[in-house]
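The chain contents come next:
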Amino acid sequence: MIGCGAVLVALAGLLMTLPHFLSEPYRYDHSNPGGIKLTSKDPRWVGAWWLGFLISAGAVALAAIPYFFFPREMPKEKRELHFRRKLLTIAASPASKGEDSPLEQSLGESQKKQDGLAQIATDLTVIQFIKVFPRVLLRTLRHPIFLLVVLSQVCMSCMAAGMATFLPKFLERQFSITASYANLLIGSLTIPSAILGIVVGGVLIKRLHMGPLRCGILCLLGALLGLLLTTPLFFTGCSAHRIEGIAQRPAMQPEPGLFPSCMEACSCPADGFNPVCDPSTHVEYITPCHAGCTSQVVQEATDKSQVLYTNCSCVEGGGPVLGGSCDSACSYLVLPFMLLVSAGTAAFSITHTPSFMLILRGVKKEDKALAVGIQFMLLRVLAWMPSPVIHGSAIDTTCVHWALSCGRQAVCRYYDHDLLRTRFIGLQFFFKTGTMVCFALVVAILRQQDKEARAAATVSGPGSSPGLQQKLLVSEPERKREDSRV
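Keep in mind the model is a prediction, meaning the values are calculated, not measured.

Asks: How should the overall build of the protein chain be read in this particular structure?
Replies: Counting secondary structure elements, the protein chain contains 16 helices and eight strands. Counting every position in the protein chain, which comprises 486 residues, the buried fraction comes to 36%. For the protein chain, the share of sequence-separated contacts (at least 6 apart) that also reach a separation of at least 24 residues comes to 73%. Counting only carbon and sulfur atoms, one obtains 66% of the accessible surface of the protein chain, whose full area is about 27900 Å².

Asks: Teacher, can you tell me more about the state of the cysteines here?
Replies: In a disulfide, the sulfur atoms of two cysteines are held together by a covalent bond. If you walk through the whole model with that rule in mind, you get four disulfides. A sulfur-sulfur separation of 2.1 Å characterises the disulfide bridge that pairs C238 with C330. On the sign convention where negative means left-handed, the S-S torsion of about -75 degrees between C238 and C330 marks this disulfide as left-handed. A residue pair is termed long-range when its members are at least 10 positions apart, and C238 in the loop between α10 (212-230) and β1 (242-243) and C330 in the loop between β6 (321-323) and α11 (334-349) qualify at 92 residues. Each member of the pair, C238 as well as C330, carries the same accessibility label: buried. Disulfide pairing is shown between C293 and C312; the S-S distance is 1.9 Å. In this structure, the disulfide formed by C293 and C312 twists by about 100 degrees around the S-S bond and is classed as right-handed.

Asks: Teacher, can you tell me more about the environment of A223 here?
Replies: Along the chain, A223 turns up in helix α10. Taking relative accessible area as the criterion, A223 reaches 0% and is therefore assigned buried. Excluding its chain neighbours within four sequence positions, the residues that come into contact with A223 are F348, T351, T435, M436 and F439.

Asks: Got a minute to help me understand the sheet that holds strand β5 (residues 306-310) in this structure?
Replies: If you walk across this open sheet you meet the six strands as β1-β3-β2-β6-β5-β4, and the pairing is mixed. What marks the edges here is a single partner per strand, and that holds for β1 and β4 (295-299). One ladder, built from two bridges, connects β1 with strand β3 (residues 283-285); its direction is parallel. When the bridges of β3 are listed, I243 appears paired with E284.

Asks: Would you explain the pairing of β5 in this entry?
Replies: For a regular strand, side-chain orientation follows a simple rule: the groups alternate between the two sheet faces. Sheet topology places β4 next to β5; five bridges connect them, and they run antiparallel. Paired with V298 across the bridge in β5 is V307. Relative to β6, β5 is paired through two bridges, and the arrangement is antiparallel. Looking at β6, one finds that L308 is bridged to L322.

Asks: Explain the side chain of D278 here, please?
Replies: Take D278: it is sitting in strand β2 (residues 276-278). With no salt bridge to any partner, buried D278 finds its closest opposite charge in R242, at an N-O distance of 8.4 Å. Of note is the side chain of D278, whose polar atom sits 2.7 Å from the side chain of T281. Excluding residues that lie within four positions of it along the chain, D278 makes contacts with V283, Y285, V315, P320, V321 and C326.

Asks: Before we go on, may I ask you to explain the packing of aromatic side chains in this structure?
Replies: We describe a pair of aromatic rings using the distance from one ring centre to the other and the angle between the two ring planes. Within this structure, the stated rule accounts for six aromatic pairs. Aromatic pair F234 and F429: ring centres 5.9 Å apart, planes at 65 degrees, arrangement edge-to-face. Of this pair, F234 sits in the loop between α10 and β1 while F429 sits in helix α15 (residues 417-460), and the two are 195 residues apart along the sequence. The exposure class of F429 is partly exposed, given its relative accessible area of 27%. Every member of this aromatic cluster is reached through a ring pair, and the members are F170, F175, F337 and F424.

Asks: Which parts of the structure should I look at to understand unusual backbone geometry?
Replies: Here the phi dihedral of H209 falls at roughly 50 degrees; this positive angle occurs in a residue that is not glycine. Summarising the element assignment, H209 is placed in the loop between α9 (179-208) and α10. Positive phi is not limited to glycine here, since H282 has a value of about 60 degrees. Secondary-structure assignment places H282 in the loop between β2 and β3.

Asks: What exactly am I supposed to notice about the pattern of salt bridges here?
Replies: Oppositely charged side chains can pair when the atoms bearing their charge come close. This model, assessed by the stated rule, comprises three salt bridges. With a closest N to O distance of 3.0 Å, D418 and R421 form a salt bridge. With D418 and R421 both in helix α15 and three residues apart, this pair spans about one turn of that helix. Its relative accessible area of 27% is what places D418 among the partly exposed residues. Overall, the relative accessible area of 7% leaves R421 in the buried class.

Asks: What is the right way to read the side chain of Q428 from this model?
Replies: As for its placement among the helices and strands, Q428 is situated in helix α15. Judged by its relative accessible area of 0%, Q428 is buried.

Asks: I keep staring at the nonpolar core and nothing clicks. Help me out?
Replies: Within soluble globular proteins, side chains that are nonpolar generally end up buried alongside one another. Counting residues in each nonpolar core, the largest one holds 36 residues, and the members touching the most others are F146, V149, V150, V154, L358, I359 and V442. Here this core gets nine residues from one element, more than from any other, and that element is helix α8 (residues 144-175). Residues within four places of V150 in sequence aside, it is in contact with I359, Q375, L378 and L379.

Definitions and limits used
- Residues numbered from 1 in each chain as written.
- Predicted model: local features only at pLDDT ≥ 70, side-chain atom pairs only at ≥ 80, totals over all residues.
- Heavy atoms only, no water.
- Helix = DSSP H or I, 4+ residues; strand = E, 2+ residues; numbered from the N terminus.
- Buried < 20%, exposed > 50% of the residue type's maximum accessible area, 1.4 Å probe, protein only.
- Contact = heavy atoms within 4.5 Å.
- Areas by Shrake-Rupley, 256 points an atom, 1.4 Å probe, with all protein chains shown as cover.
- Disulfide = S-S within 2.5 Å.
- Pairing = 2+ DSSP bridges.
- Lys, Arg positive; Asp, Glu negative; His and termini not counted.
- Salt bridge = Lys/Arg side-chain N within 4 Å of Asp/Glu carboxyl O.
- Polar contact = N/O pair within 3.5 Å; in protein donor to acceptor, adjacent residues only side chain to side chain.
- Phe/Tyr/Trp six-rings, centres within 6.5 Å; stacked < 30°, edge-to-face > 60°.
- Core = buried A, V, L, I, M, F, W, Y, C linked by side-chain atoms within 4.5 Å.

So, in structure tokens, the structure goes:
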């Protein structure tokens, strides 16, 4: 099944590349003399967007090959089955029944029934599974630890989905870097940091022999550290440079009165977009026409060509202006920004393994497989589906100039950088705060359960029956063995 799933993922990757091969070639506005010479820093640059999907699909297909050589069924854990049979034999022996009280006998019978269900859970037919599914689902969702841990993972998945979808675009706009460089930074810093955090979380659990309470505390500390590392991101950036003719307020189109009178005789198209930059004043114009330029010069070089527009009546001193958008004044902050993002990602990734352990240790053995399935279902429905929509809607509210297509908004040309940074990082901060609150509630509940367990052990310790003490002693090694296997 794993191999077939991997093959389906590879086919999905191939299907995502089909639009490149089936659609018409990319078309640009060639109305200007000499055409438009695009570079990788131009906002209209597309590039080989399909190549990554093609390579990833091939890698997944190759990784799926070994799974087809696995057996259809994994061998049973004979030691565990032998231990459970021995435990049931001890619990059903006449000596233990004679020493236990009626309440203890009823508890033993219910425990035997649960163990029996755990052993035959994998042998249920489809009809039987459908019949018991609503009760198991309700029982699982009513578990407070499971529900809170899943909600914390929903918040983290919302954060991850928003970052994965819009962080490259945010870096391009905020720091004036190319799309390839933005993805290179994310792939070389953020992804390894997440992997490192997951490994560190697993090592801490293994080395420190953490129980549920300590796992909850570790999750809380990781979420708190990640939240603290997010706070400086609000101030790591700068305002947008001046764009002639664009009102620096969101959701407003340029009005004729905003453009200088020097270009009125040019009859510039309202929907044109071929940005140029005045390097002396760091002012950007939507098109060379809006800068009042009348001539164009192309300077050829060995590595790239530079387009210059001269005789610009709207530019101080008459030009020249360079083709392309102006660079950000804070491009040097992209590395500190990515280092903070990567450190925060590593801190939150530490919570991955202990939160998963809380789910496995919190639910009953026969419900573990279903609990994991419910967990991933809720993550898809509540996080990975709505989060990109939420982040995209928030980002659209920071647009200051929309390109129009058939009278409708098509794509945003310019953003308010301060508002973009505040709302994008604000959403990340909101979801991280939700994660920390959920883990804080988990720790509070686990502390309360631990106190109640200690109080019950203190009350039942001196006067407990030998049969009950024997069961407690027998169940303790079993619990430790299950924890070590999980």
